[in-house]
Amino acid sequence: MGLPLSHPLSHGGRHVPCRGGAGMRLPPHAFLASTAGAWLLALVCTFWSAPAFAQMGEPPFNHFMQFEELEYGFNDRDNPLSWDSTAWFGGDWNRVWLKVEGEAATVDPEVEGEAQLLYSRLIAPFWEFQVGVRGDLVAAEGQSTEGRGHLVFGVEGLAPYWFEVEPAVFISHRGDVSFRLRATYDLYITQRLIAHPSFETNIAVQTVPEFGVGAGFNDIDLGLRLGYQIAREFAPYIGVSWNQAFAETADLRRAAGRTASDLQGVAGLRFWF
Amino acid sequence: MSRSHDNHDRRGLTRRGFLANTGRATAAVLLGRFVTGCATTGVLAAPRRRLSVVDGRTIDLHIAETRLAVAGQSAVATTINGGIPGPEIRLREGQDVTLRVSNALDEDTSIHWHGLLVPPGMDGVPGVSFPGIPPATTFEYRFPVRQSGTYWYHSHSGFQEQTGIYGPIVIEPREPEPYNYQREFTIVLSDWTFENPHRVLANLKRYGGYYNFQRRTLANLADEPPGALANRFSWARMRMDATDIADVTGATYTFLMNGLSPDENWRGVFEPGERLRLRFINASAATYFDVRIPGLPMQVIQADGMPVVPVETDEFRLAIAETLDVLVEPTGAAHTIFAEAMDRSGHARGTLATDPHATAPVPGRRPRPLLTMADMGMDHSNMQGMDNGGAAGGDHGPAHQNTPSEEHSGMSGMDHSHASGMDEMAAACSENLDVVARHDGDGHGAGNAMVAETARSRISEPGVGLGQDGWRVLTYSQLRRATPGEDSQPVTRTIELHLTGNMERYMWSFDGEQYHRDMPDIVLHYGERVRFVLINDTMMAHPIHLHGMFFELDVGACERNPLKHTVNVQPAERTSFVVTAQEVGRWAFHCHILYHMEAGMFRVVEVRV
Ligand SMILES: [Cu+2]
């Protein structure tokens, strides 16, 4: 999507400690604008492809675009606005995925985010294999913008007991290797009131200080969001999210004047079309 | 033996409905995506209270987009001669008929005569039997009418069947029938959505449970019997949903009886003392109906247009595309015809009454059923029992024996071997119904999410959610052909096909392979008798329809096996039927859940000379 992009984001754990060098300077609002541009493009693709339904016997073409999270966080620091969105285009077997997520502080002009563009292939009834690129970006007013690119190899699918699981390995353009695991679950309390627990953890092989990443076990992110499906496609929610950094990652955070642990309340909207 | 038709009652009444003003402007257009069925202002044709009738040697059917009222709300439908359903086509066995179908849509259309024995070029499946009917053209279907009974017709193009292109066909027999009734009613059951069916399919592709608002939740855990939690865990472990009874539900559907919603209440008016023949047709795109007339037993006389030995019942499940004729003898002044959707998410309803304004109580819908482990093919204890009950263990011939490659070709021959140890007479023409098919290692690839470890005949089971109410429910095992079949040629080949699907991605198929244009046909040779074994690996029931020929559904009754054009295959069921390949041509063979067919559960059977 042409975006330079951001870092292993963990909701609420946004911090970029030491930014050195005189890199490109991308004002946060420009970054936000380009993110919005990416969504807009996906949106256009969505509507453009809407009538492209195949006749029987021809491969189907479909699309899906979802903001799993679009939320405002309440904490004692920066009250971030964050987004986690995915889109796919394609048939039953082969799809192109776009995953965009990020976070912008509402008190400081600071933004960070990432985008992944992936080819995805159905390899088992509940699993697709995904391969592609990811770009990260961190931008703050008055500081140089940091970016990095990765190769992505991952799978996404449904584990027994209905856990949506998304493990992925990332290899950055500088050779840094990291691993991320995400799992979410839809717990139906009623037909429309749905609790949405989520889990994420990041592990890195190398230290990447510009992105606040320490070698080893980085962090754990736990969320619990309670949404009400006014329609299948449209669910406002409230919840909490908690991020805990460990080991070297925690040290990097503390060195940057942050805490290793971050708890915030969230309110947002989950929607798709 | 005497009867008089009620045709005078039915003819000449094709008048257009009155114009009715549904009033009420609404600005909810923008919300239309989320809130379906917003009424819009307009002067609309009210639905007809009666089916119109067309007959004769030449019949004109005009297909067009029409704005009309469905359940009192404005709808844009594709219609035949302006209404939903289309007119009743009334034919006589032995006549020749010309049906001129003109297309005023801006896309191709087609009409398929469901259950009729017609030359292949007249069967009306675009891409299989003819090219389709382009916009602004008229296609003439011509064929001799070789049979009698209750059938129906529908578009075989895109989703036009969902949006209104369907109607009944009634063919009078050449010889009088041995039934005693004074009046008849054709009852077309169907489902209507105000959503664009393309969107319905897209929704299902994104989220298979989109229309299921009857799932198991924390809140309804308490309503379930002890042990429910463990049961939930075992379903969750399989990533299957025990409430996935129907894909498209009352959440979007309005269920119709002869085009009328439950509130509009279709009425059939009769004179006291009359016996009635009811011709039920399930013309739904995706809804199985459980039909009963509380307080009135029904005598089943024909199934899929073919006479059966009369059997009395209180309720029957009508799979999509099936027809069933029953006789009833009303005892009261009004009786409700109640047709519940299989998943209990809604119902269609009508009234039989001696007074055009009378109504009868409408029963409540039963709670939505849950699939059981047997529907997953995992009921080992039961299987064990079946094994022991059946003859000789070990090598049950028709069980799943062929190699995966044979299976995927879908047409390679396999020796027809009979279950051993059974009565020789039975073995010669019917299979041992106790056969338990054990699945081999082939999971049919990523297009198939579940494999029933074991599949067995379920023809004597009424189906999920039925049979626990203290009244009789019809099963296939009760159907017997009225006149014994004469075809005594041996069955020479077995073709085994697995019904497969992946609910998460809404992919449906045979043997894990979704239909595509260059898929090879399943080839039969003219005159041969072939046994088709269908093994349902999925947890959903599928109504499987063969065009062009009737098949003998094996209910273990040999020459009395009923003739059908559509068979409902229950979850984890092994069903078999025999086809005599007597109609040369290419014939569609598919699941009649419209969305399953569109998603790939379709093949072509070709009879070659
Ligand atoms: Cu099906």
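Residues numbered from 1 in each chain as written. Chains lettered and ligands numbered in written order. Predicted model: local features only at pLDDT ≥ 70, side-chain atom pairs only at ≥ 80, totals over all residues. Heavy atoms only, no water.

Engineer: What is the right way to look at the overall build of chain A in this model?
Structural biologist: When its secondary structure is counted, chain A shows 2 helices and 13 strands. When burial is assessed residue by residue, chain A has 56% of its 273 residues classed as buried. For chain A, restricting intrachain contacts to residue pairs at least 6 apart in sequence, the fraction spanning at least 24 positions comes to 55%. Accessible area for chain A stands at about 10800 Å²; split by element, carbon and sulfur atoms hold 69% of it. (Helix = DSSP H or I, 4+ residues; strand = E, 2+ residues; numbered from the N terminus. Buried < 20%, exposed > 50% of the residue type's maximum accessible area, 1.4 Å probe, protein only. Contact = heavy atoms within 4.5 Å. Areas by Shrake-Rupley, 256 points an atom, 1.4 Å probe, with all protein chains shown as cover.)

Engineer: Help me out: how do you make sense of the overall build of chain B in this one?
Structural biologist: When helices and strands are counted, chain B shows 7 helices and 35 strands. Across the 609 residues that make up chain B, the buried fraction comes to 64%. Summarising the internal contacts of chain B: among those between residues at least 6 apart in sequence, 77% fall at separations of at least 24.

Engineer: Is there a simple way to explain the packing of aromatic side chains in this structure?
Structural biologist: With the rule as written, the count across this model stands at 29 aromatic pairs over all chains. Residues Phe 185 of chain B and Trp 266 of chain B carry aromatic rings whose centres are separated by 5.7 Å and whose planes lie at 80 degrees to one another, so their mutual orientation is edge-to-face. Placement of Phe 185 of chain B in strand β12 (residues 183–193) and of Trp 266 of chain B in strand β14 (residues 266–269) is noted, with a sequence separation of 81 residues between them. The burial state of Phe 185 of chain B is the same as that of Trp 266 of chain B; both residues are buried. Taking the centre distance of 5.3 Å and the plane angle of 20 degrees together, the rings of Phe 532 of chain B and Phe 577 of chain B count as stacked. Placement of the pair is Phe 532 of chain B in strand β28 (residues 529–536) and Phe 577 of chain B in strand β33 (residues 574–580), with a sequence separation of 45 residues. On the accessibility criterion, Phe 532 of chain B (1% relative accessible area) is buried. One aromatic cluster is present, built from ring pairs that chain together Trp 113, Phe 130, Phe 139, Tyr 141, Phe 143 and Tyr 153 of chain B. It is Arg 134 of chain A that lies over the ring of Phe 170 of chain A; its NZ or CZ is 4.3 Å from the centre. Sitting over the ring of Phe 211 of chain A, Arg 148 of chain A keeps its end group 4.5 Å from the ring centre. (Phe/Tyr/Trp six-rings, centres within 6.5 Å; stacked < 30°, edge-to-face > 60°. Lys NZ or Arg CZ within 6 Å of the ring centre and 35° of its normal.)

Engineer: Which parts of the structure should I look at to understand the sheet that holds strand β8 (residues 112–114) of chain B?
Structural biologist: All names here are of chain B. The strand order across the open sheet built from 5 strands is β3-β6-β11-β10-β8, with neighbouring strands paired in mixed fashion. The open sheet is flanked by β3 (53–55) and β8, the only strands paired with a single partner. Pairs of neighbouring strands in the sheet enclose a mean axial angle of 30 degrees, with direction left out of account. Judged from the 3 bridges that link them, β3 and strand β6 (residues 88–92) form a sheet pairing that is parallel. What sits directly across from Val 54, in β6, is Ile 89. (Pairing = 2+ DSSP bridges. Axes fitted to C-alpha atoms, helices over the stretch in contact; angles between N-to-C directions.)

Engineer: Any chance you could explain the UniProt feature "domain: Plastocyanin-like" (unreviewed entry) in chain B here in plain terms?
Structural biologist: All names here are of chain B. The UniProt record marks residues 66–175, 185–340 and 491–608 with the feature "domain: Plastocyanin-like" (unreviewed entry), using the residue numbering of this structure. Each end of residues 66–175 is marked by a C-alpha atom, and these two atoms are 39 Å apart; helix forms 0% of the span and strand 45%. Secondary structure content for residues 491–608 is 4% helix and 52% strand, and the end C-alpha separation is 17 Å. (UniProt positions renumbered as here; feature names shortened; annotations may be inferred.)

Engineer: What is the right way to look at a negative patch on the surface in this model?
Structural biologist: Taken together, the side chains of Glu 65, Asp 106, Glu 107 and Asp 108 of chain B make up a negatively charged region of the molecular surface. With respect to the secondary-structure elements, Asp 106 of chain B resides in the loop between β7 (96–103) and β8. (Patch = residues over 30% accessible without salt bridge, like charges linked within 9 Å, V, L, I, M, F, W, Y side chains within 5 Å. Salt bridge = Lys/Arg side-chain N within 4 Å of Asp/Glu carboxyl O. Lys, Arg positive; Asp, Glu negative; His and termini not counted. Charge placed at Lys NZ, Arg CZ, Asp CG, Glu CD.)

Engineer: Even after reading the chapter, I still don't get the domain arrangement of chain B, so can you show me in this structure?
Structural biologist: In many analyses, interface size is given as the accessible surface area lost on bringing the parts together. Residues and elements named next belong to chain B. Domain boundaries in chain B define domain 1 (53–176) and domain 2 (429–607). Taken over C-alpha atoms, the centre of domain 1 sits 26 Å from the centre of domain 2. Taken together, the contact between domain 1 and domain 2 spans 21 residues of the former and 21 residues of the latter. Here domain 1 and domain 2 share an interface that buries about 1700 Å² over both sides, 61% of which is from carbon and sulfur atoms. A per-residue breakdown of the area domain 1 buries against domain 2 is headed by His 114, Val 128 and Phe 159, which together make up 31% of the total. Between Arg 146 and Glu 583 there is a salt bridge, and its shortest N-O distance comes to 2.7 Å. Viewed at the interface, domain 2 and domain 1 are joined by 12 residue pairs in polar contact (both at pLDDT 80 or more). Breaking the side of domain 1 that touches domain 2 down by element, the ones donating at least two residues are β8 and β10 (149–154). Ranked by the residues each element gives to the side of domain 1 that touches domain 2, the list is headed by β10, at 3 residues. In the side of domain 1 that touches domain 2, the residues fall into 9 nonpolar, 9 polar and 3 charged. (Domains from an automatic or database assignment. Buried area = accessible area lost by both parts, 1.4 Å probe. Polar contact = N/O pair within 3.5 Å; in protein donor to acceptor, adjacent residues only side chain to side chain. Nonpolar A, V, L, I, M, F, W, Y, C, P; charged D, E, K, R; others polar.)

Engineer: Help me understand the side chain of Arg 90 of chain B in this model?
Structural biologist: All names here are of chain B. Following the sequence through the fold, Arg 90 ends up in strand β6. At 2.7 Å, the side chain of Arg 90 and the side chain of Glu 88 are in polar contact. For Arg 90, the side chain forms a polar contact with the side chain of Glu 184, separated by 3.0 Å.

Engineer: Whenever I open this one, the sheet that holds strand β26 (residues 507–510) of chain B confuses me. Can you help?
Structural biologist: Backbone-to-backbone hydrogen bonds join strands into a sheet, with any given pair of strands oriented parallel or antiparallel. Strand order across the open sheet formed by 6 strands is β26-β25-β28-β33-β30-β31 (chain B), with mixed pairing between neighbours. Both edges of this open sheet fall to β26 and β31 (563–564) of chain B, since each of them pairs with a single strand only.

Engineer: Is there a simple way to explain the pairing of β26 of chain B in this structure?
Structural biologist: Within a regular beta strand, the side chains point alternately toward one face of the sheet and then the other, so they alternate between its two faces. All names here are of chain B. The side-chain alternation of β26 yields two buried faces, one formed by Met 507 and Ser 509 and the other by Trp 508 and Phe 510. As paired elements, strand β25 (residues 493–502) and β26 share 4 bridges and run antiparallel to each other. Residue pairing across strands places Leu 499 opposite Phe 510, the latter belonging to β26. The antiparallel hairpin formed by β25 and β26 contains 4 residues in its connecting segment, where Tyr 506 sits at a positive phi of about 50 degrees.

Engineer: Explanation requested: the nonpolar core in the structure shown.
Structural biologist: Within soluble globular proteins, side chains that are nonpolar tend to cluster in buried spots. All names here are of chain B. Judged by nonpolar contacts, the single largest core of 127 residues is most densely connected at Leu 189, Leu 278, Phe 280, Leu 352, Phe 532, Phe 589 and Tyr 595. The biggest single contributor to this core is β12, with 5 residues. Composition of this core by domain shows at least three residues from each of domain 1 (53–176) and domain 2 (429–607). Apart from the residues lying within four places of it in its own chain, the contact partners of Phe 532 are Ile 495, Leu 497, Ile 522, Leu 524, Thr 575, Ser 576, Phe 577, Val 579, Phe 589 and Val 605. Counting 30 residues, the second largest nonpolar core, distinct from the first, contains Ile 63, Ile 80, Trp 113 and Leu 563. (Core = buried A, V, L, I, M, F, W, Y, C linked by side-chain atoms within 4.5 Å.)

Engineer: Please explain the interface of chain B and chain A as it appears in this structure.
Structural biologist: Taken together, the contact pairs 44 residues of chain B with 37 residues of chain A. Where chain B abuts chain A, roughly 3800 Å² becomes buried across the two surfaces, and 60% of that area is made up of carbon and sulfur atoms. Per-residue buried area on chain B facing chain A is highest for Arg 206, Arg 239 and Arg 505 of chain B; these three make up 22% of the total on that side. In this structure, the connection of chain B to chain A is made through 2 salt bridges. With its nearest N and O atoms 2.9 Å apart, the salt bridge here joins Arg 505 of chain B to Glu 128 of chain A.

Engineer: What is the right way to read helix α2 (residues 247–255) of chain A from this model?
Structural biologist: Spacing of three or four residues puts side chains on the same side of an α-helix, whose turn is 3.6 residues. All names here are of chain A. Among the residues of α2, those classed as buried are Thr 249, Ala 250, Leu 252 and Arg 253. Down the axis of α2, the sector holding all buried residues measures 160 degrees, keeping them to one side. Opposite the packed face of α2, turned more than 90 degrees from it, sit the exposed residues Ala 247 and Ala 255. Contacts made by the buried residues of α2 are with β11 (216–228) and β12 (234–245). (Arc of directions from axis to C-beta.)

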